[in-house]
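Residue-level structural notes
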Amino acid sequence: MKKMFLTLTALALAGTLSVAAPTERIFVSTDRSAYLAGDAVWCSLTCLDENGLYSNASAISYVELVSEEGTACTAKIGLLQGRGAGSFRIPVTTPTGTYRILAYTAVNAAENGTPWLAGSRLVTVFNTTSRARVVNNVVVGSGNAPVVQEERPVAEGQLELSSRIRLQKGQSAVLNLHNGGAAASVSLSIYHADDLPEGGRENTPAGFLKALPASVTTTRAVSVENDGEIISARIRGTVLKADDLTLATLSAAGSPTDLYIGRAEGDDRLRFYTSNIYGNREIVCEVSQLDRQEGYIDFESPFLFPETGPLPKLTLDPALRPDLNARKAALRAEKTRRIDTLTTFMTHREDLLLASIPSRRYHLDDYTRFHSVKEILVEITPELHLRTDHGVPSLLLTYSDALERRSDRTDNIAVMMDGVLLSDLNLLLGFDAMLLEDIDIYDQPLVCGRTPLHGIVNFITKKNYVTALHFPASVRVVDFQGVAYPVAYNGAVPEGEGQDLRQLLYWHPILNLDTGSDYRLEFNTPGYAGRFKAVAEGFTEDGKPVYQEFSFEVE
């Protein structure tokens, strides 16, 4: 029995060389600090180096919501030039209690101690459908004393927020920002400031800067994730032809650009160097020559599931019931009115595998429908030719060059279905042709990892049926938690009947402010009265803290 190893791509190989680990720390900002189980948490991340300047070393961070009982949920948030944005939803089964949202990179995960605590954020979570509570963290109050003691952080920087202090409900409103200091990047949240107790403000931009170390010490070798997440897996089983250069492939359902190829070479660990796979997807991994009866692939989690230590206790009081009921009604309305459809996608790091390669699409409903894939290849796609050699089918791609000469490409055609690489064409040929919608053909040479490809053909199904195929045992299909899409919410009112009960009125995770600039932001007040707060926090480009807040009433 011989084990397999991955030959890394040239870029990936450079990432594993012994180099000094960069210093980076992540500061976590959120849209607010008190949530219900089932709420969405909107995050803004700032990754700084030892000088308090934006770090561009890592392209991804790992986020965990942790209590004294362990990790409640996880997320991946991409980083671009030291800034990141994303969201995650708190599971509805999360017990009531105090939690810590912490974020770290692969470098932080290899350091001594708990370097992520300085930038982490304390939040409270209330479960209105269950009596479950974090053990030894929740105290029941008497109902006689005020529940909340106002805690107002000290303003930092030269950012000014202004608006009318009294606004009418259900109306358009304006918040003005004036940045009198250096250029800065901040998060901005406008939300209902009810009386639910928050986790506390132990992390501030000023305190975070003071905690930055001059250098770091790692406990093990670390591959800096410069271009995206490094997906790790281990080979369990045997290789049929261990002397061959055994290919390992990973592809994600939904997009042909998420294709990664390596070669087995001398260890039982696989590492796929991605450019970040966005969204929760199904990924398909296959190692050629792996024993199809005994072999399998075991993916490793990048999360640390750390202990957070003692956290502030949360006091529950009968006086909280009206605010909890209001939050519960707002959460129920959010699910029916789909506020998530009003978000704006922001710039994120993209895979450029096919960015410069033109494609030709065949929309099959524009042609006579055929009942077999073989008929489609013959009657609709003249560039594609099916051949069989000793019972093994292969697909050839014919193209016209600049001089209109015809030429066949006979090797290394990547055949995909819904972005998933198919090494066995019998899976495609046996597929119900009536379920195919489009065929995209990329007829230019490209290199994926160190592997040259002479073209890509992607068969697109009507409802992403690819993961329903019967892959051999050596192929691993798993649900994959991808990187959260960075989004902002401009305060638009979702369509639908009933009162506007939004708790979050505006959220921008990466608001870039020029020196001496003025910004006019429009948002809509909700359909109920209450006290609201606008909070902006972040850092200037020369490493100074920024924090400012403004309160107003909706009548």
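All figures in this text were calculated on a predicted structure; none of them were measured in a lab. (Residues numbered from 1 in each chain as written. Predicted model: local features only at pLDDT ≥ 70, side-chain atom pairs only at ≥ 80, totals over all residues. Heavy atoms only, no water.)

1. Some thoughts on the overall build of the protein
For the protein, the helix and strand inventory stands at six helices and 37 strands. Across the 555 residues that make up the protein, the buried fraction comes to 55%. For the protein, the proportion of contacts with a sequence separation of at least 24, taken over those separated by at least 6, is 78%. Per element, the accessible surface of the protein, about 25,100 Å² overall, is 48% carbon and sulfur. (Helix = DSSP H or I, 4+ residues; strand = E, 2+ residues; numbered from the N terminus. Buried < 20%, exposed > 50% of the residue type's maximum accessible area, 1.4 Å probe, protein only. Contact = heavy atoms within 4.5 Å. Areas by Shrake-Rupley, 256 points an atom, 1.4 Å probe, with all protein chains shown as cover.)

2. Things to note about the sheet that holds strand β19 (residues 296-299)
The three strands lie next to each other as β17-β14-β19, forming an open sheet whose pairing is antiparallel. Where the open sheet ends on each side, the last strands, each with one partner, are β17 (269-273) and β19. Strand-to-strand, the axes of this sheet are offset by a mean angle of 30°, without reference to chain direction. (Pairing = 2+ DSSP bridges. Axes fitted to C-alpha atoms, helices over the stretch in contact; angles between N-to-C directions.)

3. Focus: the pairing of β19
Side-chain positions along a regular strand alternate between the two faces of the sheet. Alternating positions in β19 separate cleanly, I297 and F299 being buried on one face and Y296 and D298 remaining unburied on the opposite face. Of the pairings in the sheet, the one linking strand β14 (residues 230-236) to β19 comprises four bridges and is antiparallel in character. Pairing of A233 across the sheet is with F299, part of β19.

4. Side note on the packing of aromatic side chains
Taken as a whole, this structure holds 14 aromatic pairs when the rule is applied. Residues F27 and F539 carry aromatic rings whose centres are separated by 5.4 Å and whose planes lie at 90° to one another, so their mutual orientation is edge-to-face. Of this pair, F27 sits in strand β1 (residues 25-30) while F539 is found in strand β36 (residues 530-540), placing the two residues 512 residues apart along the sequence. F27 sits in the buried class, given a relative accessible area of 0%. For F539, a relative accessible area of 0% gives the class buried. (Phe/Tyr/Trp six-rings, centres within 6.5 Å; stacked < 30°, edge-to-face > 60°.)

5. Describing unusual backbone geometry
Most of the time, phi is negative for any residue but glycine, and the peptide bond is trans. Despite not being glycine, Q81 has its phi angle at roughly 55°, a positive value. Relative to the assigned elements, Q81 resides in the loop between β5 (70-80) and β6 (83-89). For N276, which is not a glycine, the phi torsion comes out positive at approximately 80°. With respect to the helices and strands, the residue N276 is situated in the loop between β17 and β18 (281-287).

6. Some points on the pattern of salt bridges
Tallied over the entire structure, the rule returns 19 salt bridges. Between R100 and E202 there is a salt bridge, and its shortest N-O distance comes to 2.5 Å. One end of the pair, R100, is in strand β7 (residues 97-104); the other, E202, is in the loop between β13 (184-192) and α3 (205-210), with 102 residues separating them in the sequence. Residue classification places E202 among the partly exposed positions, given a relative accessible area of 48%. Salt-bridge contacts for E522 lead to R520; the nearest nitrogen and oxygen are separated by 2.7 Å. R520 gets classed as exposed once you look at its relative accessible area, which sits at 55%. Among the ionic contacts, a cluster of salt bridges with common partners joins R121, R201 and E537. (Salt bridge = Lys/Arg side-chain N within 4 Å of Asp/Glu carboxyl O.)

7. Points about the side chain of S517
Relative to the helices and strands, S517 resides in the loop between β34 (504-513) and β35 (518-524). For S517, a relative accessible area of 11% gives the class buried. Looking at S517, its side chain comes within polar contact range of the main-chain oxygen of D514, at 2.7 Å. In this view, S517 contacts L177, H178 and N179; residues no more than four positions away in its chain are not counted. (Polar contact = N/O pair within 3.5 Å; in protein donor to acceptor, adjacent residues only side chain to side chain.)

8. Section: the nonpolar core
Among the nonpolar cores identified, the biggest contains 32 residues, and I376, L384, L428, I439, F459, L469 and F471 are the most heavily contacted of them. Ranked by residue count, the leading element in this core is helix α6 (residues 425-429), at four residues. (Core = buried A, V, L, I, M, F, W, Y, C linked by side-chain atoms within 4.5 Å.)

9. With respect to the environment of P205
In this structure, P205 sits in helix α3. Overall, P205 belongs to the buried group, its relative accessible area being 1%. Residues P205 and K544, 339 residues apart in the sequence, show an inter-C-alpha distance of 8.3 Å.

10. Focus on the environment of V154
Relative to the elements of secondary structure, V154 occurs in the loop between β9 (138-140) and β10 (159-162). As for V154 and Q548, which are separated by 394 residues in sequence, their C-alpha atoms are 8.0 Å apart.

11. Topic: the sheet that holds β5
Ordered in space as β1-β3-β6-β5-β4-β7-β8-β2, the eight strands form an open sheet in which the pairing is mixed. Whereas interior strands pair on both sides, the edge strands pair on one side only; in this sheet they are β1 and β2 (34-36). Between one strand axis and the next, the sheet turns through 30° on average, direction left out of account. Where β1 lies against strand β3 (residues 40-48), six bridges are found, and the strand directions are antiparallel. Each residue of the ladder has a partner; that of T30, found in β3, is C43.

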